[in-house]
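Geometric and topological summary
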Amino acid sequence: MGSDIFDSIGIGTDLVVIILAVIVIIQAIALFTIISKCNKLTARLNKFTTGRDSENMEQVLAQRFSEMRQIVKNEKQQNADIKTVNDKFLTTFCKIGLVKYDAFKEMSGKLSFALALLTENFDGIIISSMHSREGCFTYCKEVTNGESFYILSEEEKLALNVAMGKDGAVEAARERENQKPEIGY
């Protein structure tokens, strides 16, 4: 019955047996290749899981997870510290403007100065010190949002502009400091 089917197609049974034998040989080769790869993979896995100094993989993984938890905890603490520093930064003097000048014609040496100390929000103080032969006079004026409620001298305004980073203020302050004093008797 089986040979009748092959005879009707025109294929002999011996050709079918040869084809099936070739398929079996190819499957045997594939099977041996798979077994060989599986053995190599098993050997690598055993080597990987046994580790050095009889440490097993479970201990190594537990240690690494513990280290990662500590890193996450440290990161949270660092983020909190950074936020604290940023909050304090808003209330510390970080913008500074200094103008040195001669307050009186008879004095030279640029011993007088106006110093503006501002926070990030342009709040702060302006300290002015005027040096003369009779003594040194120091004044302090409050600054809020970059403005003072007190009348500012030319040097104090310039120091405030330097601290606020206004265009040309630094150059103007340098020019002011490099002016020769006008000495009149």
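Here goes a summary of the coordinates provided. Note on numbering: residues in each chain are counted from 1, in written sequence order. Whole-chain, interface and lining totals are the exception, using all residues; otherwise, since this is a predicted model, local features are given only for residues with pLDDT of at least 70 and side-chain atom pairs are given and counted only at 80 or more. Here the side-chain values reflect all heavy atoms present in the structure, with hydrogen atoms and water set aside.

1. Here's the deal with the overall build of the protein chain
What counts is decided by this rule: Going along the chain from the N terminus, every DSSP run of H or I of four or more residues is numbered as a helix, and every run of E of two or more is numbered as a strand. Between buried and exposed lies partly exposed: a residue is buried under 20% and exposed over 50% of the maximum accessible area for its type, with that area taken using a 1.4 Å probe on protein chains only. We call two residues in contact when some of their heavy atoms are within 4.5 Å.
In terms of regular secondary structure, the protein chain is built from five helices and four strands. Going from N to C terminus, the protein chain has its helices and strands arranged as α-α-α-β-β-β-β-α-α. Counting the 185 residues in the protein chain, one finds 19% classified as buried. For the protein chain, long-range pairs separated by at least 24 residues make up 42% of all intrachain contacts whose partners lie at least 6 apart in sequence.

2. Digging into the nonpolar core
In summary, soluble globular proteins display a tendency toward joint burial of nonpolar side chains. Selection criterion: Residues grouped as a nonpolar core are buried Ala, Val, Leu, Ile, Met, Phe, Trp, Tyr and Cys residues, joined through side-chain atoms within 4.5 Å.
Core analysis: the biggest nonpolar cluster contains 15 residues, and Val99, Ile126 and Leu160 have the highest contact counts within it. Listed by contribution, the elements that provide at least two residues to this core are β1 (95-101), β2 (112-118), α4 (154-164) and α5 (169-178). Broken down by element, this core gets its largest block of residues, five residues, from α4. Ignoring anything within four residues of it in the chain, the contact list for Ile126 reads Leu115, Ala116, Tyr139, Cys140, Lys141, Val143, Leu152, Glu156 and Leu160.

3. Let's talk about the pattern of salt bridges
As a reminder of what qualifies: The salt bridge criterion pairs a side-chain nitrogen of Lys or Arg with a carboxyl oxygen of Asp or Glu, the two atoms within 4 Å.
The final tally for this structure, using the stated rule, is four salt bridges. The salt bridge partner of Asp87 is Lys83, with a shortest N-O separation of 3.1 Å. Of the two residues, Asp87 and Lys83 are both situated in helix α3 (residues 57-89); the distance of four residues between them amounts to about one turn of the helix. In this structure Asp87 comes out as partly exposed when scored by relative accessible area, which is 41%. Looking at Lys83, the relative accessible area reads 52%, which means it is exposed. The salt bridge involving Lys141 is made with Glu156; its shortest N-O contact spans 2.9 Å. With Lys141 in strand β4 (residues 136-143) and Glu156 in helix α4, this pair connects stretches of sequence that are 15 residues apart.

4. Considerations on unusual backbone geometry
Most peptide bonds adopt trans geometry, and most residues besides glycine take a negative phi value. Of note, the phi angle at Phe122 is positive, near 65 degrees, even though the residue is not glycine. On the secondary structure map, Phe122 appears in the loop between β2 and β3 (124-131). The phi dihedral of Asn145 is positive, around 55 degrees, even though this residue is not glycine. Take Asn145: it is sitting in the loop between β4 and α4.

5. Notes on the sheet that holds β3
The pairing of strands in a sheet comes from backbone hydrogen bonds and takes either a parallel or an antiparallel form. This is how it is decided: Here the rule is simple: two strands pair whenever DSSP picks up at least two bridges between them. Axis definition: a line fitted to C-alpha atoms, limited for helices to the stretch in contact. Angles are taken between N-to-C directions and run from 0 to 180 degrees.
The antiparallel open sheet is built from four strands, whose spatial order is β1-β2-β3-β4. The two strands at the open ends of the sheet, each matched to only one other strand, are β1 and β4. Geometrically, the sheet is characterised by an average inter-axis angle of 10 degrees between neighbouring strands, direction not taken into account. Where β2 and β3 come together, six bridges link them in antiparallel fashion. Following the sheet pairing, Leu118 is matched in β3 by Gly124. Against the sheet, α4 contacts β1, β2, β3 and β4, and its axis sits at roughly 145 degrees relative to β1.

6. Looking at the pairing of β2
In terms of burial, β2 is largely enclosed, as six of its seven residues are buried. Two strands pair when backbone bridges link them, and β1 and β2 are joined in this way by seven bridges, in the antiparallel orientation. From the neighbouring strand, Gly97 faces β2, where its bridge partner is Ala116. Hairpin connection between β2 and β3: a loop of five residues separates the two successive antiparallel strands, and Phe122 in this loop has a positive phi of roughly 65 degrees.

7. Some details on α4
Among the residues of α4, Glu155, Glu156, Leu158, Ala159, Leu160, Val162 and Ala163 are the ones counted as buried. Once α4 ends, the next one or two residues include Gly165, with phi positive near 75 degrees.

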